[in-house]
Amino acid sequence: MILRHNGPIETDPLEFAEVPEPQPAAGQVRLKVRCCAICRTDLHVIEAELPPQKLPLIPGHQIVGVVDRLGPGTRRFAIGDRVGVAWLRHTCGQCAFCTTGRENLCESQRFTGYHADGGYAEYAVVPEDFAYTIPDAFDDVAAAPLLCAGIVGYRALKRANLIDGGKLAIFGFGSSAHIIMQIALRRGCDVYVVTRGGAHRELALKMGAVWAGETARQMPVKVDSAIIFAPAGALVPAALERLDKGGTLSLAGIYMTDIPEMDYESCLFYERDVRSVTANTRRDGRELLAEAAKIPIRPHTTTYRLSEANAALNDLKSDRINGTGVLVAWPFNSSSKLHF
Ligand SMILES: [Zn+2]
Ligand SMILES: [Zn+2]
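Calculation notes
- Residues numbered from 1 in each chain as written.
- Chains lettered and ligands numbered in written order.
- Predicted model: local features only at pLDDT ≥ 70, side-chain atom pairs only at ≥ 80, totals over all residues.
- Heavy atoms only, no water.
- Donors = N, O, S within 2.8 Å, 3.2 Å for Na, K, Ca; no water.
- Tetrahedral: all angles 85-135°; square planar, octahedral: opposite > 155°, others 65-115°.
- Buried < 20%, exposed > 50% of the residue type's maximum accessible area, 1.4 Å probe, protein only.
- Helix = DSSP H or I, 4+ residues; strand = E, 2+ residues; numbered from the N terminus.
- Contact = heavy atoms within 4.5 Å.
- Axes fitted to C-alpha atoms, helices over the stretch in contact; angles between N-to-C directions.
- Parallel < 35°, antiparallel > 145°, perpendicular 65-115°, else oblique.
- Nonpolar A, V, L, I, M, F, W, Y, C, P; charged D, E, K, R; others polar.
- Pairing = 2+ DSSP bridges.
- Patch = residues over 30% accessible without salt bridge, like charges linked within 9 Å, V, L, I, M, F, W, Y side chains within 5 Å.
- Areas by Shrake-Rupley, 256 points an atom, 1.4 Å probe, with all protein chains shown as cover.
- Salt bridge = Lys/Arg side-chain N within 4 Å of Asp/Glu carboxyl O.
- Core = buried A, V, L, I, M, F, W, Y, C linked by side-chain atoms within 4.5 Å.

Draft legend 1. The arrangement of the coordination of the zinc ion (ligand 1) in detail. Taken together, Cys92 (SG), Cys95 (SG), Cys98 (SG) and Cys106 (SG) make up the protein donors of the zinc ion (ligand 1), found 2.3 to 2.4 Å from the metal. Classification of the site at the zinc ion (ligand 1) rests on its four donor atoms, whose angles at the metal span 103 to 119°, yielding the label tetrahedral. Read from N- to C-terminus, the donor residues coordinating the zinc ion (ligand 1) fall into the pattern C-x2-C-x2-C-x7-C. Residue classification places Cys92 among the partly exposed residues on the basis of a relative accessible area of 27%.

See the structure below:
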């Protein structure tokens, strides 16, 4: 599914087309793609809310596939290994950020399905150092949402300083939130969910939230940690007011509307912290996959055929997907179960 010109997803900008199979360069492996989860960032790329880097472009950065060809000099994987590909696909390895465990802040980053072709396709190539081994605990469709929604949500959870057994508030209940909530529950935490969507509140309660409501004001307790997944700056003061003393608010979005003026005493004093989240490190990815496999996390997925990518993204944009949408290479001939 190839993007030749940026445009609103309502105009079906992705075209189902035959293109030459990509060949792995030195240090890269090629995957036969089994599935690729969709992400809001794909919408930002397609609609040019992120400055375009490459056209034509095959989007998609939550790819699960099987290694079918090795580029020169590779050594990490063998043909037939099942691997995942995420958003981050290059860092310099030498700057002050890379050398201090903060490659998520590297200036030379490159991203899958943005600077390079991604996983809305039958084949994809990736530098082997940026591929992940997928734990056996997951079938292909369940693994795909972990690769961005899971990893970025995991970093947001780390940045929120949640203690085991603590109280966590989650604002917005999409793909990331419903994955990260399962980790918080496993750590013995009480989870409170604030979201306007009735279906999202229902899913949150079904999955184990102790409370779900429409506004922060209605939340019955103060919490130790909070994560805002919704891109709405207006939620920041509201979330801070519901933080207990010493609590931390983490802002998970790549984009957020302006934050309104706020009152120091009711929003920030008593050592409440606000922290942003920028992408992730490969270490975050490995940690998330390991912890997710232990639980094991069960993402709520809706599957679409690869050729239905425009429809899937339209559903995502108008909030019609509960959990995560996953594009499946069709016909689907692996041992994995489908979750229609
Ligand atoms: Zn760097
Ligand atoms: Zn993403």
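Draft legend 2. Up close: the side chain of Asn280. Mapped onto the elements, Asn280 comes out in the loop between β15 (273-276) and α8 (282-294). Residue Asn280 is classed as buried on the basis of its relative accessible area, which comes to 4%. If we skip the residues at most four places from it in the chain, Asn280 touches Leu88, Asn104, Tyr132, Ile151, Val152 and Arg155.

Draft legend 3. Structural context of the packing of helix α3 (residues 149-159) against α8. One can describe the packing of α3 onto α8 by two numbers: an axis separation of 9 Å at closest approach and a directional angle of 95°. On the basis of their axis angle, the class for α3 and α8 is roughly perpendicular. Between α3 and α8, the contacting residues are Gly150, Ile151, Tyr154, Arg155 and Lys158 on the first element and Asp284, Gly285, Glu287, Leu288 and Glu291 on the second. Of the residues that constitute the contact of α3 with α8, the class distribution is three nonpolar, two polar and five charged.

Draft legend 4. A look at the sheet that holds strand β10 (residues 167-171). If you walk across this open sheet you meet the six strands as β12-β11-β10-β13-β14-β15, and the pairing is parallel. Of all strands in the sheet, those with a lone pairing partner are β12 (211-213) and β15, marking the two edges. Within the sheet, the average angular offset between the axes of one strand and its neighbour, ignoring direction, is 15°. When β10 meets strand β13 (residues 223-228), the two strands line up parallel, connected through four bridges. Across the sheet, residue Leu168 finds its bridge partner in β13, namely Ser225. Sheet strands in contact with helix α4 (residues 175-186) are β10, β11 (190-194) and β13, and its direction is about 160° off that of β11.

Draft legend 5. Layout of the coordination of the zinc ion (ligand 2). In the first shell of the zinc ion (ligand 2), the protein supplies Cys39 (SG), His61 (NE2) and Cys148 (SG), at 2.0 to 2.2 Å from the metal. Here Cys148 falls in the buried class, since its relative accessible area comes to 9%.

Draft legend 6. Structural context of a nonpolar patch on the surface. On the surface, Tyr264, Phe269 and Tyr270 cluster together to form a nonpolar patch covering roughly 320 Å² of accessible area. Topologically, Tyr270 is positioned in the loop between α7 (264-267) and β15.

Draft legend 7. Unusual backbone geometry, seen in detail. Between Leu55 and Pro56 the backbone carries a cis peptide bond, its omega angle lying at -10°. Within the fold, Pro56 resides in the loop between α1 (40-46) and β4 (63-70). Cis geometry marks the peptide bond from Ile295 to Pro296; its omega dihedral reads -25°. Here Pro296 is to be found in the loop between α8 and β16 (301-305). Phi angles above zero are rare outside glycine, and Asp319 is one such case at about 60°. Along the polypeptide, Asp319 turns up in the loop between α9 (309-317) and β17 (324-328).

Draft legend 8. Here's a closer look at the nonpolar core. Grouped together as the largest cluster of nonpolar side chains are 47 residues, with contacts concentrated most on Leu146, Ile170, Ile183, Val193, Ile227 and Leu288. Beyond its immediate sequence surroundings of up to four residues, Val193 is in contact with Ile170, Phe173, Met181, Ala204, Ala209, Trp211, Ala212 and Gly213. With 39 residues, the next largest nonpolar core counts Val45, Ile63, Tyr114 and Phe130 among its residues.

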